[in-house]
Every structure is written in structure tokens, then in C-alpha cells.
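Analysis of the macromolecular model
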Amino acid sequence: TPRSHALVALMALHAARIPARLNAAGELVRLEDQDRRTWDMSLNSLGFQHLEQSMQASCESAFHLQAAIAATHAAAPDGTATDWTTILALYDRLVLLTPTPVVRLNRAVALARVAGPAAGLAALAAVDRAGSLARYYLLPAVRAELLAESGQAKEAARAYREALTRQCSEPERRFLQSRLDALTRRSA
């Protein structure tokens, strides 16, 4: 079915990135910083094939949109070439189908890439006010990234510290600490 093809596409496109998610030291690598040459190209190809098959029908599910977002990332030769305008448009459609707090958080990131960190922070504030992600470490982590991008180092450091108080994996904790340490060194 188109929906199952979309799900396979989504899973394959995400699985293709697994080899690049950690560096040689076992530290997390952000999607935009990953060496895409280390992605599993056979899984990437499989993802694109299933995405194309999923588009044969006129229905559009959350899986279709999520797979299309993953495919847009996968189509870029590196993080700087990512088509954030397309990703934002896909998130706009996904929010209509699945208006979850995590989808809104991800949309805020895409919005920041298209319209700047201030726009992303405004969208993030709306997610924060809803309160559903009060314990989710990525909410203050994303806020920290956007604050740092907008030159608000003290506020960014505060947000990184907040993220570090929330439950996350040890590699995620080390990543957040490294981002905080780098920010502190730059602003000292």
C-alpha cells in the first residue's frame, strides 16, 4: 500500500544515516555535520524507491510527509545544501495532519533555517507555552542552539544548562555539555 511504502521509505532513509550519527570517539554528530559519504547508500536508494512507490496514490499520510522530509535531507550533498524551504513546507503540511509537540518543535527548527533564529525562537515559545514538552531535553537544547545563533550567549548557556537537567542518553548529555563548553569558551 502507499502508506506501507512510505513507512519503509522513512525507516530506510533514517537507517541509512546510522553510520554517521557517531564519530570515531562515539560522540553524537548533528545531521547537518554528518559526513554523508558514510551513509548507507543502498538503504538511501531503497528509501527513495519506496517513497516514489508511495506517491503512486493520491493519499498523503504522516508517513509520506516524514519520508519526504527525510528524503529532502538525503538529497542534499551536505548540510549546507539542505532545502529548508521544502522541509518547512512539508512540516507545515505535517502539522495539519499530526499537530504533536515534537512535530511543532521540528517545524520551529525548519522555520529558523528559512526565516532566521528569531522566527524559530518565536515558534519554539509557542511549543513551550503548550507545556507538553516540559521534560523533553530537546526543547531547551533547540532553544540554546537558536539563542547562540542569534548572539545571545548567556541565554543560550542557560538553556543548555536547563537541557542538561533533563533526562537524555549519555551521548546526548556529552553532546550538550560539549556545546555548552564551546559556547562558554567563545564568550569568555
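See the structure above.
As a starting point, this report considers the structure included with it.

**Things to note about the overall build of the chain**
- Within the chain, the secondary structure is distributed over nine helices and zero strands.
- Secondary structure of the chain in N-to-C order comes out as α-α-α-α-α-α-α-α-α.
- Against the globule reference of 16 Å for 188 residues, the chain gives a C-alpha radius of gyration of 17 Å, in line with a compact fold.
- With the C-alpha coordinates of the chain rotated into their principal frame, the extents come out at 55 × 40 × 30 Å.
- Relative to its 188 residues, the chain shows a buried fraction of 39%.
- Restricting the contact set of the chain to residue pairs at least 6 apart, pairs at least 24 apart contribute 55%.
- Put simply, the chain shows about 10000 Å² of open surface, and 56% of that area lies on carbon and sulfur atoms.
- A gap of 6 Å separates the mean positions of the 22 positive and 18 negative side-chain charges of the chain.

**Overview of the layout of surface pockets**
- As a volume, the largest pocket reaches approximately 1200 Å³.
- The wall of the largest pocket is formed by 38 residues, among which R30, L31, N106, V109 and L138 lie closest to the centre.
- Among the elements of the structure, α3 (62-75), α4 (84-97), α5 (101-115), α7 (138-149) and α9 (170-187) are those that each provide at least two residues to the lining of the largest pocket.
- Split into classes, the residues belonging to the lining of the largest pocket amount to 22 nonpolar, seven polar and nine charged.

**Brief notes about the environment of R158**
- The residue R158 is located in helix α8 (residues 153-164) in this model.
- When its relative accessible area of 55% is taken as the criterion, R158 is described as exposed.
- For the pair R158 and P140, spaced 18 residues apart in the sequence, the C-alpha separation amounts to 8.9 Å.

Rules of the game
Each chain carries its own residue numbering, running from 1 in the written order of its sequence. Only residues with pLDDT of at least 70 are given local features in this predicted model, and only at 80 or more are side-chain atom pairs given and counted; all residues enter the totals for whole chains, interfaces and linings. Excluding hydrogens and water, the side-chain figures rest on all heavy atoms present in the structure. A run of H or I in DSSP becomes a helix once it reaches four residues, and a run of E becomes a strand once it reaches two; helices and strands are each numbered from the N terminus. Radius of gyration means the value over C-alpha atoms here, while the globule rule gives 2.2 Å times the residue count to the 0.38 power. Working definition: with a 1.4 Å probe on protein chains only, accessible area under 20% of the residue-type maximum means buried, over 50% means exposed, and in between means partly exposed. The criterion used for residue contact is that any of the two residues' heavy atoms lie within 4.5 Å. Computed with a 1.4 Å probe, the accessible areas rest on the Shrake-Rupley method; for each residue, only the protein chains presented here act as cover. Charge assignment: positive for Lys and Arg, negative for Asp and Glu; neither His nor the chain ends contribute. Think of each charge as sitting on NZ of Lys, CZ of Arg, CG of Asp or CD of Glu. Only protein atoms enter the calculation, which uses a 1 Å grid: trapped sets of points that fit a 1.4 Å probe without letting it out are cavities, open sets showing protein on both sides within 12 Å along at least five of seven lines are pockets, and any residue with an atom within 4 Å of a point is a lining residue. Grid points are joined across faces, edges and corners, and a volume is the space filled by probe spheres set on the points. Ten residues, namely Ala, Val, Leu, Ile, Met, Phe, Trp, Tyr, Cys and Pro, are considered nonpolar, four, namely Asp, Glu, Lys and Arg, are considered charged, and the remaining ones, Gly among them, are considered polar.

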